[in-house]
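Chains, contacts and geometry: an overview
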Amino acid sequence: MINIVYEDNHLLVVEKPVNIIVQKDNTNDKDLLSMLKEYLKEKYNKSGNVYLGLIHRLDRPVGGIMVFAKTSKAAGRLSEQVRNKTFKKTYNAVVIGNINESGKLHDYLLKDEKRNIVKVDKNGKEAILYYKKLNYKNNMSLVEINLETGRSHQIRVQMSNYGYPLFGDQKYNKTAKVGEQIALFAKKIEFIHPVTKENMSFELELPNRYPFNIFK
């Protein structure tokens with residue numbers, strides 16, 4: 001069962017479980033968008049297709065807070081906030097090593113579609129993030145990350161590039177062991193309600209799993 005955090009006539013805010021894809025792909029695995037459409041169909045006893053607009057994404061192994069739009073008008077207005085950077089996303093990650101107290105990472109990232117990996121490359125798209133160290137234990141740092149740009153695999157690639165790969169990242173951390181879950185979590189989103197114009201903010205607790213739980 002998906003954790004529904006908030007719902008009104010225009011929005012659906014949920015907690016994405018880890019290892020669930022957001023949108024259907026060629027694996028044909030169950031995806032979050034279809035599951036939520038099913039939820040709305042049953043709840044409101046709707047016949048036919050249900051509209052649900054995808055505003056932003058999370059990588060398959062990453063869990064955390066997401067917002068979907070229940071109308072095309074809400075989707076358009078939220079997507080505009082993403083484009084003009086008034087839609088704020090805050091992540092928590094556990095990285096290997098004792099990272100500096102805070103900093104800004106600025107790179108250019110290029111996606112290798114064939115291998116489904118992203119690399120730092122001067123011909124890529126600009127990628128900027130800001131981080132702050134919250135705690136340090138067992139040669140791992142708990143960091144808070146705010147994205148200025150939303151590139152594919154951005155946090156994972158940039159952190160790894162600076163020598164602080166994410167715990168359990170099977171793609172970009174050479175020391176990650178098979179079966180480890182990536183320690184990246186979409187903790188908070190902030191945006192302006194597309195209809196009422198209220199400031200909306202939703203935040204989740206850190207997951208109660210290793211290595212997040214050693215910092216609780």
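Calculation notes
- Residues numbered from 1 in each chain as written.
- Predicted model: local features only at pLDDT ≥ 70, side-chain atom pairs only at ≥ 80, totals over all residues.
- Heavy atoms only, no water.
- Helix = DSSP H or I, 4+ residues; strand = E, 2+ residues; numbered from the N terminus.
- Expected span 1.5 Å × (residues − 1).
- Buried < 20%, exposed > 50% of the residue type's maximum accessible area, 1.4 Å probe, protein only.
- Arc of directions from axis to C-beta.
- Contact = heavy atoms within 4.5 Å.
- Core = buried A, V, L, I, M, F, W, Y, C linked by side-chain atoms within 4.5 Å.
- Salt bridge = Lys/Arg side-chain N within 4 Å of Asp/Glu carboxyl O.
- 1 Å grid on protein atoms, 1.4 Å probe; cavity = no way out; pocket = protein on both sides within 12 Å on 5 of 7 lines; lining within 4 Å.
- Points joined across faces, edges and corners; volume = space filled by probe spheres on them.
- Nonpolar A, V, L, I, M, F, W, Y, C, P; charged D, E, K, R; others polar.

1. Side note on helix 1 (residues 32-43)
An ideal rise of 1.5 Å per residue puts 16 Å on twelve residues; helix 1 measures up with 16 Å between its terminal C-alpha atoms. Those residues of helix 1 that fall on the buried side of the exposure criterion are L32, L33, L36, Y39 and L40. Seen from one end, helix 1 has its buried residues packed into an arc of 120 degrees, which puts them on one side. Its buried side turned inward, helix 1 meets strand 1 (3-7), strand 2 (11-16) and strand 4 (63-69). Looking one or two residues past helix 1, N45 carries a phi angle of roughly 50 degrees, positive in sign.

2. Observations concerning the nonpolar core
By size, the foremost hydrophobic cluster in this structure holds 32 residues, and its most contacted members are F68, I145, I155 and M159. Of all the secondary structure elements, the ones that give two or more residues to this core are strand 2, helix 1, strand 4, strand 5 (88-96), strand 8 (125-137), strand 9 (140-147), helix 3 (154-161) and strand 10 (184-192). It is helix 1 that contributes the most residues to this core, five residues altogether. Excluding residues within four positions of it along the chain, M159 makes contact with V95, I99, L105, L129, Y131, I145, Y164, P165 and L166. Grouped together as the second largest cluster of nonpolar side chains are 25 residues, A74, V94, L142 and F191 included.

3. A word on the pattern of salt bridges
Per the stated rule, a full pass over the model turns up eleven salt bridges. Residue D31 is joined to K24 by a salt bridge in which the shortest nitrogen-to-oxygen separation is 3.5 Å. By relative accessible area, D31 is classed as buried at 2%. In this structure K24 comes out as exposed when scored by relative accessible area, which is 52%. A salt bridge links D169 to R156, with the nearest nitrogen and oxygen atoms 2.9 Å apart. Placement of the pair is D169 in the loop between helix 3 and strand 10 and R156 in helix 3, with a sequence separation of 13 residues. Just as D169 is buried, R156 falls in that class too. Here the salt bridges do not stand alone but share partners, grouping E7, K43 and K70 into one network.

4. Examining the side chain of Q154
With respect to the helices and strands, Q154 occurs in helix 3. Contacts of Q154, omitting those with residues within four sequence positions, involve L109, A127, I128, L129, L147 and T149.

5. Comments concerning the layout of surface pockets
Any empty space left between the atoms is revealed when a probe the size of a water molecule rolls over them. Approximately 1200 Å³ is the volume found for the largest pocket. The set of elements that each furnish at least two residues to the lining of the largest pocket consists of helix 2 (72-83), strand 5, strand 9 and helix 3. Of the residues contributing to the lining of the largest pocket, the split by class is 15 nonpolar, eleven polar and 16 charged. The computed volume of the second largest pocket comes to approximately 180 Å³. What lines the second largest pocket is L109, L110, K111, V118, N123, G124, K125, G150, R151 and S152. The biggest single contributor to the lining of the second largest pocket is strand 6 (residues 102-112), with three residues. Taken together, the residues that form the lining of the second largest pocket break down as three nonpolar, four polar and three charged.

So, to be careful, I would describe these as geometric facts and stop short of saying anything about function.
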